[in-house]
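Coordinate analysis (summary)
In case you want the letters, here they are:
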Amino acid sequence: MDFLTLLAIYLCSVLGTAALLCVCSGRKGGFLAGSASRASQVLSFVIPARLQRVTQRALHRLFHTRSCLFVVLHITLQAAVYGEYTWEVFVYCWELQFHLFLLLLPYLLLAGNIGCFLLCSRADPGVITRSNHASLVKIYAYDGVLFQKGIVCPTCNTEKPARSKHCSLCNVCVHRFDHHCVWVNNCIGAFNAKYFFLYLFTLAAMAATIAGITAAFLVQVVLLTDVMHGSYVDDRGQEHAVEILFLVQHLFLTFPRIVFMLGFVILLLLVLGAYWCFSLYLALTNQTSNEWYKSRRYGCSHHLTLQPHDRQVVYKNIYSRGVWMNLKEIFKPLTVLERKKKT
Ligand SMILES: [Zn+2]
Ligand SMILES: [Zn+2]
């Protein structure tokens, strides 16, 4: 069963890498960047100074500037999965008379996903300029905890509207800033949050349909060949009934690329599905990732901020207007007129 150990190590490393990239890619100075700098400090004792400078420049380029590297990686992975799906899974499933619409569903989702990706990466996330500042500053009230009135962005030299944040990668302040996404190489703000939400959804749905079709194909193969009722002889010459581990090994040796892709797609589905659920939770509660991250410090008693008169500040999300209105706000960002109507 050596190959199963190798497979488990492979799956764990892919899952770990995917989870780390998803969690850390959105946040400048995140855990990954921090770990990388700590690792470079340790390695500085063994690696020549010149190589260190090159590595540091590469890491800086990767995590602290706008770069297409993650977009290229994203397209490469998508091409590899769809290449394998088209080349093998689609052809075999077609021969096994799977329904055509089911087999075409991943391509429809891909078209939708590419559309959302292009809209999300090219759309204005809500960049605060001198011309729109006056209207954007009126949209959200300052909650006095996460967003204080009168704070000026030192780079843009304008007063920060409530819920906005300066993105150091794009070097602009963004209205209703969520995070900077390296996978779409753009900030996620008030005006492109809807595209990002749909982009994540279609990505998770693509992984789900490809995983479902591939798993159904493998189950069909097992049922048709009746492998489960057979037996095998091990290295010591003993005969055993076929059990699940043998079956996985058998399928892996018969369809190595398909099983490999299925493992990868299932891991992607878990990570993307969890991330989409988190995005849905944020949308329903009218929070941005930035606000969720910052508000956590007010959850623990030892992190409560002490005000003059020794009053403890308890963070309360003042932007929530009910589940339905919160979700609507993602797809139709608030304007000054609506804010006036509301108040
Ligand atoms: Zn700024
Ligand atoms: Zn940005």
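1. Let's talk about the overall build of the protein chain
Looking only at helices and strands, one finds twelve helices and six strands in the protein chain. When the 343 residues of the protein chain are sorted by exposure, 43% land in the buried category. Relative to all contacts within the protein chain whose residues are 6 or more apart in sequence, the contacts with residues 24 or more apart total 64%. Counting every atom, the protein chain has about 19,400 Å² of accessible surface; 67% of that belongs to carbon and sulfur.

2. Thoughts on the coordination of the zinc ion (ligand 2)
Note on metal geometry: ideal angles are 109.5 degrees for four donors arranged tetrahedrally and 90 or 180 degrees for six donors arranged octahedrally. With distances of 2.1 to 2.3 Å, the protein atoms coordinating the zinc ion (ligand 2) are Cys 167 (SG), Cys 170 (SG), His 180 (ND1) and Cys 187 (SG). Around the zinc ion (ligand 2) sit four donor atoms; with metal-centred angles ranging over 98 to 120°, the donor geometry is tetrahedral. The sequence pattern formed by the donor residues of the zinc ion (ligand 2) is C-x2-C-x9-H-x6-C. Taken together, the residues span a long stretch of sequence, with Cys 170 in the loop between strand 1 (165-167) and strand 2 (172-174) and His 180 in strand 3 (residues 179-181) at a distance of ten residues. Each member of the pair, Cys 170 as well as His 180, is classed as buried.

3. Things to note about the nonpolar core
Grouped together as the largest cluster of nonpolar side chains are 55 residues, with contacts concentrated most on Tyr 199, Phe 217 and Leu 218. Listed by contribution, the elements that provide at least two residues to this core are helix 4 (69-95), helix 5 (100-122), helix 7 (193-225), helix 8 (244-254), helix 9 (256-284) and helix 11 (323-331). Residue contacts for Tyr 199: discarding those within four places in its chain leaves His 74, Asn 113, Cys 116, Phe 117, Trp 183 and Val 184. Counting 16 residues, the second-largest nonpolar core is a separate cluster that includes Tyr 140, Val 145, Phe 147 and Cys 153.

4. A closer look at helix 4
Between the first and last C-alpha of helix 4 there are 38 Å, a value that for 27 residues agrees with the 39 Å anticipated at 1.5 Å per step. Considering bend angle alone, the principal kink of helix 4 is centred on Thr 86 and spans about 40°. Of all the positions in helix 4, only Phe 70, Val 71, His 74, Gln 78, Val 81, Tyr 82, Glu 84, Tyr 85, Glu 88, Val 89, Phe 90 and Cys 93 are classed as buried. Directly beyond the C-terminal end of helix 4, a positive phi value near 60° is found at Gln 97.

5. A few points about the coordination of the zinc ion (ligand 1)
Protein ligation of the zinc ion (ligand 1) involves Cys 153 (SG), Cys 156 (SG), His 166 (ND1) and Cys 173 (SG), the donor distances falling in the range 2.0 to 2.3 Å. With four donor atoms in place around the zinc ion (ligand 1) and angles of 104 to 119° between them, the coordination shape is tetrahedral. Mapping the donors of the zinc ion (ligand 1) onto the primary sequence yields the spacing C-x2-C-x9-H-x6-C. For His 166, a relative accessible area of 14% translates into the label buried.

6. As for the pattern of salt bridges
What the rule picks out here adds up to six salt bridges. Between Arg 257 and Glu 84 there is a salt bridge whose closest N-O contact spans 3.6 Å. Taken together, the residues span a long stretch of sequence, with Arg 257 in helix 9 and Glu 84 in helix 4 at a distance of 173 residues. Accessibility expressed as a relative area gives 49% for Arg 257, which makes it partly exposed. You can call Glu 84 buried: its relative accessible area is 10%.

7. Some details on helix 11
Turn by turn, an α-helix covers 3.6 residues, leaving residues three or four places apart pointing in a common direction. Looking at helix 11, one finds that the buried residues are Asn 326, Leu 327, Glu 329 and Ile 330. Summarising the axial view, the buried residues of helix 11 lie within an arc of 150°, below the 170-degree limit, and thus occupy one face. Contact partners of the buried residues in helix 11: helix 7 and helix 9.

Rules of the game
- Residues numbered from 1 in each chain as written.
- Chains lettered and ligands numbered in written order.
- Predicted model: local features only at pLDDT ≥ 70, side-chain atom pairs only at ≥ 80, totals over all residues.
- Heavy atoms only, no water.
- Helix = DSSP H or I, 4+ residues; strand = E, 2+ residues; numbered from the N terminus.
- Buried < 20%, exposed > 50% of the residue type's maximum accessible area, 1.4 Å probe, protein only.
- Contact = heavy atoms within 4.5 Å.
- Areas by Shrake-Rupley, 256 points an atom, 1.4 Å probe, with all protein chains shown as cover.
- Donors = N, O, S within 2.8 Å, 3.2 Å for Na, K, Ca; no water.
- Tetrahedral: all angles 85-135°; square planar, octahedral: opposite > 155°, others 65-115°.
- Core = buried A, V, L, I, M, F, W, Y, C linked by side-chain atoms within 4.5 Å.
- Expected span 1.5 Å × (residues − 1).
- Bend = angle between axes of the 7 residues up to and from the residue.
- Salt bridge = Lys/Arg side-chain N within 4 Å of Asp/Glu carboxyl O.
- Arc of directions from axis to C-beta.

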